[in-house]
Structure formats: C-alpha cells, structure tokens
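Survey of secondary and tertiary structure
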Amino acid sequence: MRETDRKDISTLDSLISAATKITTISHIRPDGDAVGSSIAMLSFLESLGKDACSVLPHNYPDALSFLVTDGNRKKILIHENNPEAAEVRLKESDLIICLDFNDFSRTDMLEKTLLESGAAKILIDHHLNPDTDKFSLVFSETETSSTAELLYQILMLLPQTGGDAGRLPALSATALMTGMTTDTNNFANSVYPGTLLMASSLLAAGVDRDAIIENLFNSCREERIRLMGKMLFKKMKITEDGVAYMILDRKTIMKYGIKEGETEGFVNMPLSIADVRMSIFLKQDKDRFRVSLRSKKGTSANLCAKRYFNGGGHELASGGRLMIPDDVRSPREAAEYIRKVTHQFMKGNE
Ligand code: 5GP
Ligand code: MN
C-alpha cells in the first residue's frame, strides 16, 4: 500500500470509532470479491461491537453461500429482495463503506440513495478511475489482486489486529481469502508479492483453503459444465483479429436453467488459445446483453469496454453492456457489432 494510504489509516480508525451505524455496500451482481470483502468487513466491524450491515444490490451467487451463516444472514440486506430495508439502512447509517467499485453508478438503483446520503463515505477499491470526489476517504490501489487484498492490508494496519492475521475473526479471514481467490482466478491473474504474503498469513492463521476451493470450484451443477461445453464447441467464434466471442442467448439460458453466477469464468476459457488476444462473452438479459471482456497483456480490455461496450473495469478484465434495442436488437446483430468494433479496435492496437 502507498505511504499516503497508511496516513489515512488513523482517519479510518477514527471514523469507525465515531460511527454508530456502519453499512458496507458493493456492486451489482456481486462476485466473490464483492461478497468476500463485504462479509470480511461486516465480521470485523461486528467483532468491534459495532452495529454493522452489508448491502448488496443483487443476491449473491449460490457458490458464495458458504460465507453466509446463521450469524450474519440478517445483517446482509439484498436490495433486489427487499429494497426498502436496504434503502432505509443506508439512509440511517452515519458511515458507509463502499467496496469493490469505482463509481456510485455501479450500485445501479442505489446510486441516488448514496448521492443523497449525508453519511461519511469510504472507498476501498482496486478498479481504474475511481470517482474520488464523492468520498470522505479513499483507498484506491489498482496494483493489487482484489479489493479483498487491499482490505486485508488495511485491516492489518488497524490497531485491533496489530498486523496479526490470527486476530481477524475467522469468517473475515475466510471471506478475504475467498475474494482474493476468485479475483485472481485461483492465483492465475493479477498476483502480486503482497497477494502471496496475504495468502500465506491467512493460511497460517487457520483459513481452510481446501474448503474454499471445494465450495468455489467443485460444487457446481452439472448444467453449468454442459453449457460451458456447448458454448465452447458450438458458439465460440474467433475473428481474424484474434478476438474470441461467445453469445449466450435467452433461449439457451432458459433451456439449461442457468442461474446468476453460473457462467462465471466462461469468458476466460478462449484465452487459452495461443492466437486469441481478447475474449468477449455476452449474456442476454431482458433489456440488454451483459458483456464480459478479458485480454492478454498488450491489449486493453478496459479501453475496449469503455469505447464500445458502455463499461470499464481493469486493464485486462472489464465489463459493460449493449442495450436492446438501442445498441443491438438480437444476438445476430450483437455478433456483427462485435466483429465490426473489435476489428477497428485491434487494427488501432497494432
Ligand atoms: P465481469 O466480466 O466479471 O462481470 O467483470 C469484470 C470486471 O469489470 C470486474 O472487475 C467488474 O467490476 C468490472 N465491470 C463489469 N461490468 C462493468 C461496467 O458496466 N462498468 C464498469 N466500469 N466496470 C465493470
Ligand atoms: Mn474485485
């Protein structure tokens, strides 16, 4: 962590001490890092005796349900399930900790509530281009594997832990390891020296990594693997510019009964092919295609997401959307659009 961030630790400590109602919030369709860092912070704050809650705009994927226990279930407010409870909680909070997003718009329906809230707001995030003006205190570090890793470093600097991972609540430690593991794709991407140091300390503190791996990667439904096979075999296309794309349409989603989070990781697979520089995965929703982009070093998924897919994220892993019907009207048009814009993009890249 940068030196300036270390000075901010005492400000963070004072803000937490002074606050009576603290709420964490993360981004729409929360992934392992969003849910992991939220639950890690929630458990930590509760261990300090604080009145703490976590708000998530959407429900968490089944694969992360092992982080939700009888002890914290009531403290996790899912906006799509109970909008009023989540909004009232945010309005009543005097401290809001924003985790794993760079801009209020990433909370979708909760953007307005955040803008109108008079609470002190803290950002802890690892995405590019954070909207820093909206926060009282910002911890933004892009050279880190995950928000979970940045949060771990922050928690280690707080007096309550004194740098000893063994003093974290057990669930915090597990949730931090989970967030880092999913955002690095199980140590395949964005691994820094600090990432391995964190993993080592958490293991030494008793985190059961085997159990985390079992829950995250070895507990899915058969349908996910069947669909993955179909997408790779039948639907993946590779353009002459080295861009692989797959479009998952509504009909196929219904046919396989695919749930939120069950296509996690599909976008990474085509990058195994030597000639593929960038992979794009589209998933059709009611009024849009949700877009995931991954690239290899030298090609910017972030720039491509910003320029052509109304999104952004990290240099090599980004997301965005194509609205139906304003941007494209059908899977076929989406395919044509991808071919056209990635041709422009990859030519400009040469
Ligand atoms: P995923 O493909 O896993 O949904 O997202 C990859 C990365 O891009 C994540 O870090 C996510 O936070 C970010 N991301 C996804 N969708 C958007 C978006 O619409 N806008 C921005 N700015 N970032 C996004
Ligand atoms: Mn993240």
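Keep in mind that what you see is a predicted model, and the values were worked out from it rather than measured. (Residues numbered from 1 in each chain as written. Chains lettered and ligands numbered in written order. Predicted model: local features only at pLDDT ≥ 70, side-chain atom pairs only at ≥ 80, totals over all residues. Heavy atoms only, no water.)

**A short note on helix α5 (residues 147-157)**
Inclusion rule: When a residue's accessible area, from a 1.4 Å probe over protein chains only, is under 20% of the maximum for its type it is buried; when over 50% it is exposed; and in between it is partly exposed. In this text, helices come from DSSP runs of H or I with a minimum length of four residues, and strands from runs of E with a minimum of two, each type numbered from the N-terminal end.
Of all 11 residues in α5, 10 are buried, a share of seventy percent or more. Listed in full, the buried residues belonging to α5 are T147, A148, E149, L150, L151, Y152, Q153, I154, L155 and M156.

**Remarks on the pattern of salt bridges**
Side-chain pairing between opposite charges can occur once the charged atoms of the two side chains come close. Note the threshold: Just to be clear on terms, a salt bridge is a Lys or Arg side-chain nitrogen sitting within 4 Å of an Asp or Glu carboxyl oxygen.
Enumeration according to the criterion identifies 15 salt bridges in this entry. Here K112 and E116 are joined by a salt bridge, their closest N and O atoms 3.4 Å apart. Pair noted here: K112 and E116 are both in helix α4 (residues 111-116), with a separation of four residues, about one helical turn. A residue is classified by how much of its surface remains accessible, and E116, at 55% relative accessible area, is exposed.

**Considerations on the sheet that holds strand β2 (residues 51-56)**
For the record, the criterion: A pair of strands counts as paired when DSSP detects no fewer than two bridges linking them. Think of each axis as a best-fit line through the C-alpha atoms, taken over the contacting stretch in the case of a helix, with angles from 0 to 180 degrees between the N-to-C directions. Two residues qualify as a contact provided that any one of their heavy atoms is within 4.5 Å of a heavy atom in the partner residue.
Taking strand neighbours across the sheet as the criterion, the six strands line up as β3-β2-β1-β4-β5-β6 in an open arrangement whose pairing is parallel. Edge strands, defined here as strands with exactly one partner in the open sheet, are β3 (76-78) and β6 (137-140). Each strand axis lies, on average, 20 degrees off the axis of its neighbour in the sheet, ignoring direction. Against the sheet, helix α2 (residues 32-47) contacts β1 (21-25), β2, β3 and β4 (95-99), and its axis sits at roughly 170 degrees relative to β2.

**A look at the sheet that holds strand β7 (residues 237-238)**
Spatial ordering of the open sheet is given by β7-β8-β9-β10-β12-β11, a layout of six strands whose pairing is mixed. If you trace the sheet from one side to the other, it starts and ends with β7 and β11 (312-313), each paired once. As paired elements, β7 and strand β8 (residues 243-248) share two bridges and run antiparallel to each other. Pairing of K237 across the sheet is with Y245, part of β8.

**Thoughts on the packing of α5 against helix α7 (residues 193-204)**
Heads up, the rule is: Should an angle lie under 35 degrees it is considered roughly parallel, over 145 roughly antiparallel, and from 65 to 115 roughly perpendicular; all remaining angles are considered oblique. The hand of a helix crossing depends on one turn: near helix anticlockwise from the far one by less than a right angle means left-handed, and clockwise means right-handed. By the convention adopted, Pro, Cys, Tyr, Trp, Phe, Met, Ile, Leu, Val and Ala count as nonpolar, Lys, Arg, Asp and Glu as charged, and the other residues, Gly among them, as polar.
At their nearest, the axes of α5 and α7 sit 10 Å apart, and the two run at 65 degrees to each other. Looking at the two axes, α5 sits roughly perpendicular to α7. Where α5 crosses over α7, the two elements pack in a sense that is left-handed. Across the interface between the two elements, A148, E149, Y152 and Q153 of α5 pack against G194, T195, M198, S201 and L202 of α7. Its residues assigned to classes, the contact of α5 with α7 comprises four nonpolar, four polar and one charged.

**Digging into helix α9 (residues 222-235)**
The condition is simple: Residue count minus one, scaled by 1.5 Å, sets the expected span of a helix. In this context, the arc is that of the directions from the helix axis out to the C-beta atoms.
Spanning 14 residues, α9 covers 19 Å between terminal C-alpha atoms, matching the ideal 20 Å at 1.5 Å per step. Those residues of α9 not exposed but buried are R224, L227, M228 and M231. For α9, the buried positions fall inside an angular range of 105 degrees around the axis, keeping them on one side. Among the exposed residues of α9, those pointing more than 90 degrees away from its buried face are E222, R226, F233 and K234. In this structure, the buried residues of α9 make contact with β8, α10 (250-256) and β9 (278-284).

**Re the packing of aromatic side chains**
So the rule is basically this: Pairing of aromatic side chains requires ring centres within 6.5 Å, counting the rings of Phe and Tyr and the six-membered ring of Trp. Pairs whose planes differ by under 30 degrees are stacked, by over 60 edge-to-face, and all others tilted.
Enumeration according to the criterion identifies four aromatic pairs in this entry. Pairing F104 with F135 gives two aromatic rings, centres 5.3 Å apart and planes at 70 degrees, and the pair type is edge-to-face. Of this pair, F104 sits in the loop between β4 and α4 while F135 is found in the loop between β5 (120-125) and β6, placing the two residues 31 residues apart along the sequence. On the basis of relative accessibility, which here comes to 3%, the residue F104 falls in the buried class. Assessed through its relative accessible area of 10%, F135 is described here as buried. Between Y308 and F345, the aromatic rings sit 6.3 Å apart at their centres with planes inclined by 90 degrees, giving edge-to-face as the arrangement. With Y308 in helix α11 (residues 301-308) and F345 in helix α12 (residues 331-349), this residue pair connects regions lying 37 residues apart in the sequence. Summarising the burial analysis for this pair, Y308 and F345 share the class buried.

Note that all results are geometric; they support no functional claim without further evidence.
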